Amino acid sequence: MTSLSINQFLYLYSWFPLAALIFIVLLIARFYQNFSGERTYFSFYIVPLVLFGASAVRYASLDQVAGDMLGDLFSGAAGIVLLYLSTILFRLMMMGRK
């Protein structure tokens with residue numbers, strides 16, 4: 001049985017607060033869609049959750065912080081998807097407001 005280094009533990013542990021924040025945004029998007037009738041694509045927030053989780057597992061298994069091509073691709077893709085979805089939600093919620 002291998003021991004878990006502090007780096008691996010912190011990397012895996014940091015995914016949980018990130019997942020909680022993304023889940024809260026998902027719930028906000030779902031709430032807004034239910035009450036406004038506008039499509040917010042809230043179900044697609046699962047994609048960054050899974051990609052960030054895959055990145056965390058990949059980096060923890062290698063016991064490094066950066067420099068892995070696959071882990072970097074997972075993190076980058078998750079960030080791009082999250083940025084796109086958040087921009088859509090922001091524009092829908094702020095459209096016509098001053």
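Note that this is a predicted model, so its numbers are computed, not measured.

Caption draft 1: A look at helix 2 (residues 46–62). Compared with an ideal rise of 1.5 Å per residue, which puts 17 residues at 24 Å, helix 2 spans 24 Å between its outermost C-alpha atoms and is within 8% of the ideal. Of all the positions in helix 2, only Pro48, Leu49, Leu51, Phe52, Gly53, Ser55, Ala56, Tyr59 and Ala60 are classed as buried. Elements in contact with the buried residues of helix 2: helix 1 (6–36) and helix 3 (69–94). Backbone geometry just after helix 2 places Asp63 at a positive phi near 55 degrees.

Caption draft 2: Summary view of a nonpolar patch on the surface. A contiguous nonpolar surface patch, about 830 Å² in accessible area, is contributed by Leu4, Ile6, Phe9, Leu10, Leu12, Tyr13, Phe16 and Val57. For the nonpolar patch, the leading source of residues is helix 1, giving six residues. Within the element layout of this structure, Leu4 appears in the segment before helix 1.

Caption draft 3: Layout of the pattern of salt bridges. By the definition in use, this model includes one salt bridge. For the salt bridge of Asp68 with Arg58, the shortest nitrogen-to-oxygen distance reads 2.6 Å. Of the two residues, Asp68 is situated in the loop between helix 2 and helix 3 and Arg58 in helix 2; the sequence distance between them amounts to ten residues. You can call Arg58 partly exposed: its relative accessible area is 28%.

Caption draft 4: How the structure looks around the environment of Phe9. Structurally, Phe9 can be placed in helix 1. A relative accessible area of 42% places Phe9 in the partly exposed class.

Caption draft 5: View of unusual backbone geometry. Positive phi outside glycine occurs at Tyr41, with the angle close to 60 degrees. When you line up the elements, Tyr41 lands in the loop between helix 1 and helix 2. The exposure class of Tyr41 is partly exposed, given its relative accessible area of 32%.

Caption draft 6: Here's a closer look at the packing of helix 1 against helix 3. Two numbers describe how helix 1 lies on helix 3: the axes approach to 11 Å, and their chain directions differ by 35 degrees. As for how helix 1 packs across helix 3, the hand of that crossing is left-handed. Contacts from Ile22, Val25, Ile28, Ala29 and Tyr32 of helix 1 reach helix 3 at Leu82, Leu89, Leu92 and Met93. Among the residues making up the contact of helix 1 with helix 3, the classes are represented as nine nonpolar, no polar and no charged.

Calculation rules
Residues numbered from 1 in each chain as written. Predicted model: local features only at pLDDT ≥ 70, side-chain atom pairs only at ≥ 80, totals over all residues. Heavy atoms only, no water. Helix = DSSP H or I, 4+ residues; strand = E, 2+ residues; numbered from the N terminus. Expected span 1.5 Å × (residues − 1). Buried < 20%, exposed > 50% of the residue type's maximum accessible area, 1.4 Å probe, protein only. Contact = heavy atoms within 4.5 Å. Patch = residues over 30% accessible without salt bridge, like charges linked within 9 Å, V, L, I, M, F, W, Y side chains within 5 Å. Areas by Shrake-Rupley, 256 points an atom, 1.4 Å probe, with all protein chains shown as cover. Salt bridge = Lys/Arg side-chain N within 4 Å of Asp/Glu carboxyl O. Axes fitted to C-alpha atoms, helices over the stretch in contact; angles between N-to-C directions. Left-handed = near helix turned anticlockwise from the far one by under 90°. Nonpolar A, V, L, I, M, F, W, Y, C, P; charged D, E, K, R; others polar.

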